[in-house]
Amino acid sequence: SELTELKKNKETLPILESSILAGDQELSQVEEQLNQLESDYKTEIMTREALKAELSSKGAWDMELQNKLKKSQTRILSLESDISKCKSEIETLRNQLSDLKKEKSKIASIKIGKINPDVKVNYFQKKLTKKNINKIANNFNILIDGSDNFKTKFLLNDYSMKNKKILISGAI
């Protein structure tokens, strides 16, 4: 049984590594995008300041300069919004990458607790079998299936039907 688990872990490791690599690449792309947006933002701020200076020296009646200044201010607001969105996306990606390296049942437990702190969540990292399912699941009203194989999924389904437990499938 331990050998089977080790083999399974060995098989899933490349998938996990691939997911982490893809996440790292996506994060790098968004960070590059953020750097470009921040550079554009600084340039636009300098453009706006130059337009203000030119407008004050030529007089406020210069409509062409006033229009350029309005466009610059609009672009600055748009860039500020884009920068904020990029920063939020980077934070989300970093959290997702961090989560990939953790036990999925633990992550689910934490996230459920953040959604509703009044909910008591227990999670297990044990292999579920016919021998231990009653001991583990008996004291709970709701079961959430986060398994990654059909044998466990069917075992939980059969147990839930037999014992009139609510089963939420969050897996394959």
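Higher on the page you've got the structure.
I will try to describe carefully the structure that is included in this document. (Residues numbered from 1 in each chain as written. Predicted model: local features only at pLDDT ≥ 70, side-chain atom pairs only at ≥ 80, totals over all residues. Heavy atoms only, no water.)

## What about the overall build of the protein chain?
(1) Moving on: Tallying secondary structure elements over the protein chain gives five helices and two strands in all.
(2) Moving on: Along the protein chain, from the amino end to the carboxyl end, the secondary structure elements read α-α-α-α-β-α-β.
(3) Moving on: Among the 172 residues that make up the protein chain, the fraction classed as buried is 24%.
(4) Moving on: Pairs at least 24 residues apart make up 59% of the contacts formed inside the protein chain by residues separated by at least 6 positions. (Helix = DSSP H or I, 4+ residues; strand = E, 2+ residues; numbered from the N terminus. Buried < 20%, exposed > 50% of the residue type's maximum accessible area, 1.4 Å probe, protein only. Contact = heavy atoms within 4.5 Å.)

## A few points about helix H5 (residues 150-163)
(1) Moving on: With 14 residues, H5 extends 20 Å from end C-alpha to end C-alpha; this agrees with the ideal 20 Å at 1.5 Å per step.
(2) Moving on: Those residues of H5 that fall on the buried side of the exposure criterion are Thr152, Lys153, Leu155, Leu156, Tyr159 and Ser160. For H5, the angular spread of the buried residues around the axis is 165°, confining them to a single face. Opposite its buried face, H5 presents the exposed residues Lys151, Asp158, Met161 and Lys162, each directed more than 90 degrees away. (Expected span 1.5 Å × (residues − 1). Arc of directions from axis to C-beta.)

## Looking at the pairing of strand E1 (residues 142-145)
(1) Moving on: Residues Leu143 and Asp145 of E1 are buried on one face, while the alternating residues Ile142 and Ile144, pointing to the opposite face, are not.
(2) Moving on: By the bridge criterion, four bridges tie E1 to strand E2 (residues 166-169) in an arrangement that is parallel. What sits directly across from Leu143, in E2, is Leu167.
(3) Moving on: Each parallel crossover has a hand, and for E1 linked through H5 to E2 it is right-handed. (Pairing = 2+ DSSP bridges. Right-handed = clockwise from strand over helix to strand, strands pointing away.)

## Topic: helix H3 (residues 104-115)
Helical geometry note: an α-helix holds 3.6 residues per turn, so side chains three or four residues apart project in the same direction.
(1) Moving on: Taking 1.5 Å of rise per residue, the twelve residues of H3 would be expected to cover 16 Å, and the 17 Å separating its terminal C-alpha atoms lies within 8% of that figure.
(2) Moving on: Those residues of H3 that sit buried are Ser105, Ile107 and Ser109.

## Comments concerning the packing of aromatic side chains
(1) Moving on: Following the criterion strictly, the structure yields one aromatic pair and no others.
(2) Moving on: Each ring, one from Phe150 and one from Phe154, has its centre 5.9 Å from the other, and the planes form 25°; the classification is stacked. Of this pair, Phe150 and Phe154 both sit in helix H5, separated by four residues, roughly a single helical turn. (Phe/Tyr/Trp six-rings, centres within 6.5 Å; stacked < 30°, edge-to-face > 60°.)

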